Amino acid sequence: MAEPSPPPSNAGLRILLSKDRPAPSPPSTAGSTVSSHADRDRIIGVFRNALSMTEPPESFALQTVQEAIKPQKETVLVLEENQSLENALRTLLQELVSSAVQSSKKIMQYGNALDSGESNCLITRLLDIVLYLCERGHVEGGMVFQLLEDLTEMSTIKDCKDIFGYIESQQDVLGKQELFGRGKLVMLRTCNQLLRRLSKANDVVFCGRIIMFLAHFFPLSERSALNIKGVFNTSNITKYEKDATDGISVDFNFYKTLWSLQEHFSNPALTSTNPAKWQKFSSNLGVVLNTFEAQPLSDDDGKLNNLDQEEDAAFNIKYLTSSKLMGLELKDPSFRRHILVQCLIFFDYLKAPGKNEKEGPAGGMKEEIKTCEERVKKLLEVIPPRGKDFLKSIEHILEREKNWVWWKRDGCLAFEKPPFEKKSIQAGGRKRKPRWRLGNKELSQLWKWAEQNPNVLTDPDRVRMPSITEYWKPLAEDMDPSAGIEEEYHHKSNRVYCWKGLRFSARQDLDGFARFSDYGIEGVVPSELLPPEVNAKFSSKPAEKVKRVKREDLKGSSAQPKEQQIAATPETDGGGSGGDPEEGAVPMDSDNGAAEDGQKRSPEEVSGPESGQCEPEADADDNMKTETTSRDIRAGEK
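Residues numbered from 1 in each chain as written. Predicted model: local features only at pLDDT ≥ 70, side-chain atom pairs only at ≥ 80, totals over all residues. Heavy atoms only, no water.

**Description of the overall build of the protein**
So, step 1. Each helix and strand in the protein was counted, giving 30 helices and zero strands.
So, step 2. Pairs at least 24 apart in sequence give 72% of the contacts found in the protein among residues at least 6 apart.
So, step 3. Total accessible area on the protein stands at roughly 41,200 Å², and carbon and sulfur atoms take up 52% of it. (Helix = DSSP H or I, 4+ residues; strand = E, 2+ residues; numbered from the N terminus. Contact = heavy atoms within 4.5 Å. Areas by Shrake-Rupley, 256 points an atom, 1.4 Å probe, with all protein chains shown as cover.)

**Digging into the pattern of salt bridges**
So, step 1. Within the structure shown, the criterion is met by 16 salt bridges.
So, step 2. Residue Glu 293 is joined to Arg 375 by a salt bridge in which the shortest nitrogen-to-oxygen separation is 3.2 Å. With Glu 293 in helix 12 (residues 275-294) and Arg 375 in helix 17 (residues 363-382), this residue pair connects regions lying 82 residues apart in the sequence.
So, step 3. According to the relative accessible area criterion, Glu 293 is partly exposed, its value standing at 38%.
So, step 4. Judged by relative accessible area, which is 23%, Arg 375 ranks as partly exposed.
So, step 5. Put simply, Lys 492 and Glu 487 hold a salt bridge, and the shortest N to O gap is 3.8 Å.
So, step 6. Classification of Lys 492 by relative accessible area gives partly exposed; the value is 29%.
So, step 7. Each of Lys 351, Glu 373, Lys 377 and Glu 395 takes part in one network of salt bridges that share partners. (Salt bridge = Lys/Arg side-chain N within 4 Å of Asp/Glu carboxyl O. Buried < 20%, exposed > 50% of the residue type's maximum accessible area, 1.4 Å probe, protein only.)

**Observations regarding the packing of helix 1 (residues 37-51) against helix 2 (residues 61-68)**
So, step 1. At a minimum axis separation of 9 Å, helix 1 and helix 2 run at an interaxial angle of 160°. With respect to helix 2, the element helix 1 is oriented roughly antiparallel. The handedness of the crossing between helix 1 and helix 2 is right-handed. Contacts between helix 1 and helix 2 involve Arg 42, Ile 43, Val 46, Phe 47 and Ala 50 from the former and Thr 64, Glu 67 and Ala 68 from the latter.
So, step 2. Within the contact of helix 1 with helix 2, the residues separate by chemical class into five nonpolar, one polar and two charged. (Axes fitted to C-alpha atoms, helices over the stretch in contact; angles between N-to-C directions. Parallel < 35°, antiparallel > 145°, perpendicular 65-115°, else oblique. Left-handed = near helix turned anticlockwise from the far one by under 90°. Nonpolar A, V, L, I, M, F, W, Y, C, P; charged D, E, K, R; others polar.)

**Some thoughts on a positive patch on the surface**
So, step 1. A contiguous patch of positive charge on the surface is contributed by Lys 242, Lys 256, Lys 277 and Lys 280.
So, step 2. By the element assignment, Lys 277 lies in helix 12.
So, step 3. Using a relative accessible area of 34% as the deciding quantity, one classes Lys 277 as partly exposed. (Patch = residues over 30% accessible without salt bridge, like charges linked within 9 Å, V, L, I, M, F, W, Y side chains within 5 Å. Lys, Arg positive; Asp, Glu negative; His and termini not counted. Charge placed at Lys NZ, Arg CZ, Asp CG, Glu CD.)

**Quick notes on helix 17**
So, step 1. An ideal rise of 1.5 Å per residue puts 28 Å on 20 residues; helix 17 measures up with 30 Å between its terminal C-alpha atoms.
So, step 2. Against the buried residues of helix 17 lie helix 11 (268-273), helix 12, helix 16 (333-350) and helix 18 (387-409). (Expected span 1.5 Å × (residues − 1).)

**Quick word on the packing of aromatic side chains**
So, step 1. The full count for this structure, using the stated rule, is 21 aromatic pairs.
So, step 2. Taken together, a centroid distance of 4.6 Å and an interplanar angle of 45° make the contact between Phe 281 and Phe 346 tilted. Of this pair, Phe 281 sits in helix 12 while Phe 346 is found in helix 16, placing the two residues 65 residues apart along the sequence.
So, step 3. Assessed through its relative accessible area of 1%, Phe 281 is described here as buried.
So, step 4. For Phe 346, a relative accessible area of 2% gives the class buried.
So, step 5. Through successive ring pairs, a cluster of aromatic residues spans Phe 164, Phe 180, Phe 206, Phe 213, Phe 217 and Phe 218.
So, step 6. Stacked on the ring of Phe 390, the Lys or Arg Arg 337 has its end atom at 4.3 Å from the ring centre. (Phe/Tyr/Trp six-rings, centres within 6.5 Å; stacked < 30°, edge-to-face > 60°. Lys NZ or Arg CZ within 6 Å of the ring centre and 35° of its normal.)

**Some details on the side chain of Thr 190**
So, step 1. Checked against the element boundaries, Thr 190 lands in helix 8 (residues 177-197).
So, step 2. For Thr 190, the residues in contact, after removing those within four places along its chain, are Glu 149 and Thr 152.

**Regarding the side chain of Asn 284**
So, step 1. Counting through the fold element by element, Asn 284 comes out in helix 12.
So, step 2. Asn 284 gets classed as buried once you look at its relative accessible area, which sits at 12%.
So, step 3. Contacts of Asn 284, omitting those with residues within four sequence positions, involve Thr 257, Ser 260 and Leu 261.

**Section: the nonpolar core**
So, step 1. Residues Phe 47, Ile 123, Leu 126, Leu 151, Leu 174, Met 187 and Ile 210 are the most contacted members of the largest nonpolar core, which totals 62 residues.
So, step 2. Among the elements that make up this core, the one with the highest residue count is helix 4 (residues 122-136) (nine residues).
So, step 3. Residues Leu 285, Tyr 319, Leu 340 and Leu 350 belong to the second largest nonpolar core, which totals 37 residues. (Core = buried A, V, L, I, M, F, W, Y, C linked by side-chain atoms within 4.5 Å.)

**Looking at a nonpolar patch on the surface**
So, step 1. Taken together, the side chains of Leu 438, Leu 443, Leu 446, Trp 447 and Trp 449 define a hydrophobic patch exposed on the protein surface, amounting to about 510 Å² of accessible area.
So, step 2. Summarising the element assignment, Leu 443 is placed in helix 19 (residues 441-452).
So, step 3. The exposure class assigned to Leu 443 is partly exposed, which follows from its relative accessible area of 41%.

**Some thoughts on helix 10 (residues 252-266)**
So, step 1. Here helix 10 contains 15 residues, and its C-alpha end-to-end distance of 22 Å stays within 8% of the 21 Å for a straight helix at 1.5 Å per residue.
So, step 2. Among the 15 residues of helix 10, eleven are classified as buried, and the element is accordingly described as predominantly covered.
So, step 3. Within the span of helix 10, buried status applies to Phe 252, Phe 254, Tyr 255, Thr 257, Leu 258, Trp 259, Ser 260, Leu 261, Gln 262, His 264 and Phe 265.
So, step 4. Elements in contact with the buried residues of helix 10: helix 11, helix 12, helix 15 (326-330) and helix 16.

**Section: the packing of helix 1 against helix 3 (residues 79-102)**
So, step 1. Packing of helix 1 against helix 3 leaves a shortest axis separation of 9 Å and a crossing angle of 60°. What the angle tells us is that helix 1 and helix 3 run oblique. Considering only the axes of helix 1 and helix 3, their crossing is right-handed. In contact with Arg 40, Ile 43, Ile 44, Phe 47, Arg 48 and Leu 51 of helix 1, helix 3 contributes Leu 85, Ala 88, Leu 89, Thr 91, Leu 92, Glu 95 and Leu 96.

**A few points about unusual backbone geometry**
So, step 1. In this structure, the amide linkage connecting Pro 384 to the following residue, Pro 385, adopts the cis form with an omega of -5°.
So, step 2. Here Pro 385 shows up in the loop between helix 17 and helix 18.
So, step 3. One non-glycine residue, Ser 104, lies in positive phi territory at about 60°.
So, step 4. Unusually for a residue other than glycine, Arg 386 sits at a positive phi of about 50°.
So, step 5. With respect to the helices, strands and loops of the structure, Arg 386 is situated in the loop between helix 17 and helix 18.
So, step 6. Note on Arg 386: relative accessible area 54%, which makes it exposed.

**Looking at the environment of Ile 129**
So, step 1. Locating Ile 129 in the fold gives a position in helix 4.
So, step 2. Residue Ile 129 is classed as buried on the basis of its relative accessible area, which comes to 1%.
So, step 3. For the pair Ile 129 and Leu 51, spaced 78 residues apart in sequence, the C-alpha separation works out to 8.7 Å.
So, step 4. Beyond its immediate sequence surroundings of up to four residues, Ile 129 is in contact with Phe 47, Ala 50, Leu 51, Pro 57, Phe 60 and Ala 61.

**Observations concerning the environment of Tyr 471**
So, step 1. Among the secondary structure elements, Tyr 471 is positioned in helix 20 (residues 468-471).
So, step 2. Accessibility expressed as a relative area gives 11% for Tyr 471, which makes it buried.
So, step 3. Between the C-alpha atoms of Tyr 471 and Ser 505, which are 34 residues apart in sequence, the distance is 9.7 Å.
So, step 4. When residues no more than four places from it in sequence are discounted, the contact partners of Tyr 471 are Pro 466, Val 496, Tyr 497, Lys 500, Gly 501 and Phe 504.

This is the structure:
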């Protein structure tokens with residue numbers, strides 16, 4: 001019969017197993033195989049001697065295997081040799097546990113010296129050696145998981161806590177890919193057996209440690225930890241009294257109504273699909289909520305129950321169902337929270353999304369669920385202490401649970417992504433064209449250059465204010481009649497361009513800025529930019545427009561309203577009016593009016609007949625002289 005091929009995990013067995021020793025002689029008889037009892041005892045003796053060594057396992061573990069096993073092949077251990085080694089180690093582990101029990105010592109402390117503070121437990125030493133051999137691929141990878149399962153089955157609950165502490169400390173090594181694939185099912189079976197042995201009320205912390213270990217040891221998308229079919233634990237039956245007894249001081253009907261809700265909580269699927277059961281549950285829940293609302297709890301009730309202590313938070317309560325305790329339980333805030341939180345979990349299951357729309361509750365049931373849920377939340381808010389904080393925590397937990405519900409309904413798709421590995425270019429291989437961040441080399445270099453020169457945007461050579469001559473040059477070209485620029489495309493029609501130009505002129509050319517009131521935006525353009533015929537048009541000063549009102553008209557208008565008097569004030573071209581009561585008082589829009597007037601009419605029109613329409617009165621010449629003098633003074637000040 002052909003020799004069985006070795007398992008895949010043995011492919012990496014080191015050839016060092018046969019190093020520094022002569023090759024084994026071929027077996028002469030079938031009775032000399034490694035599966036005999038004599039060889040098993042010899043293997044156990046070799047490992048017993050190894051346990052007494054104080055060096056780390058990496059210094060002697062491989063030599064121990066070389067001495068214990070004489071492989072038939074120089075490269076790998078065959079299946080029979082691995083099985084013989086595993087049986088010998090399991091027998092040695094059982095002997096060590098029996099010796100620890102006979103010596104009345106804890107299993108994970110057997111072998112420690114009383115006076116020495118160092119830990120030299122024989123069982124821990126054996127597990128370390130086997131774990132090292134499994135990690136390096138010298139022996140079959142699932143051997144250490146089998147030893148841990150045997151150790152937990154042979155130990156008490158107290159000793160299992162210490163054993164599980166060792167498992168937690170080696171979690172990173174046990175979770176490596178080469179070991180995880182060989183022992184994940186054994187580890188899952190070991191943890192599930194421990195959970196079955198533990199009490200759900202007295203060993204809450206230890207149960208939590210096991211569940212947290214499984215959550216970290218297995219990937220998030222592992223389906224073995226999920227209740228895919230949604231099966232409920234109907235074996236957990238809450239027993240309560242069916243008939244009333246003598247001496248009961250509480251309403252027995254309410255007692256039965258309250259505890260009958262547990263029948264619906266234990267199997268929500270049956271209640272949601274049966275209309276009769278739903279109506280019964282709805283009526284019973286209404287009675288319970290009405291009672292809780294009629295008997296609110298005070299802050300003193302919350303203090304008497306010591307809900308703030310950490311010991312109560314770590315203790316899972318299984319409430320007694322005796323009718324004699326009904327009065328005390330109604331005054332217990334934790335009892336009320338226990339019932340109301342069960343209601344929220346029940347409602348959350350009924351509202352859970354299904355694959356089909358028909359799987360959800362009907363329209364009438366939705367309204368009842370919404371109404372009852374609001375009442376339950378209001379009751380949780382008023383239960384002391386810190387009712388609002390407690391409700392907020394419960395809502396957060398239920399909201400996160402919806403994500404898991406959706407994930408399970410969609411088939412538990414794997415959402416882990418393997419790490420990205422960069423492929424190295426082989427020697428002589430074809431080199432791929434480099435990828436540029438912005439599409440090509442030039443744009444990428446330009447982007448990189450901008451990052452390395454952050455001050456380039458504030459460089460004075462790049463950011464500067466243009467000169468007046470440079471800025472007004474486009475407008476000067478438009479003003480040339482030979483250019484033939486239409487009014488629609490003229491630069492003076494661009495309000496933003498004109499506004500910016502006025503700001504530049506106000507800073508650099510104050511005299512040119514003053515011409516705006518006389519000639520408009522075209523008068524601000526420097527004269528050296530304009531053609532001779534256009535420049536002559538703006539070089540001479542416009543004649544002043546003086547409109548006089550006869551004295552008899554002024555006397556007659558003194559009785560008019562103030563608004564009409566302001567409207568009748570003579571217009572000026574920027575200087576003070578000689579006919580005003582106060583010298584220099586001009587309307588607010590006098591500059592704009594002058595600018596518009598300068599744009600609409602040329603200087604020849606302004607100096608035409610209108611300039612000679614002054615009244616030949618005695619003081620007209622004096623007023624003209626006064627106005628001319630005041631303008632000259634202001635021009636000198638500017």
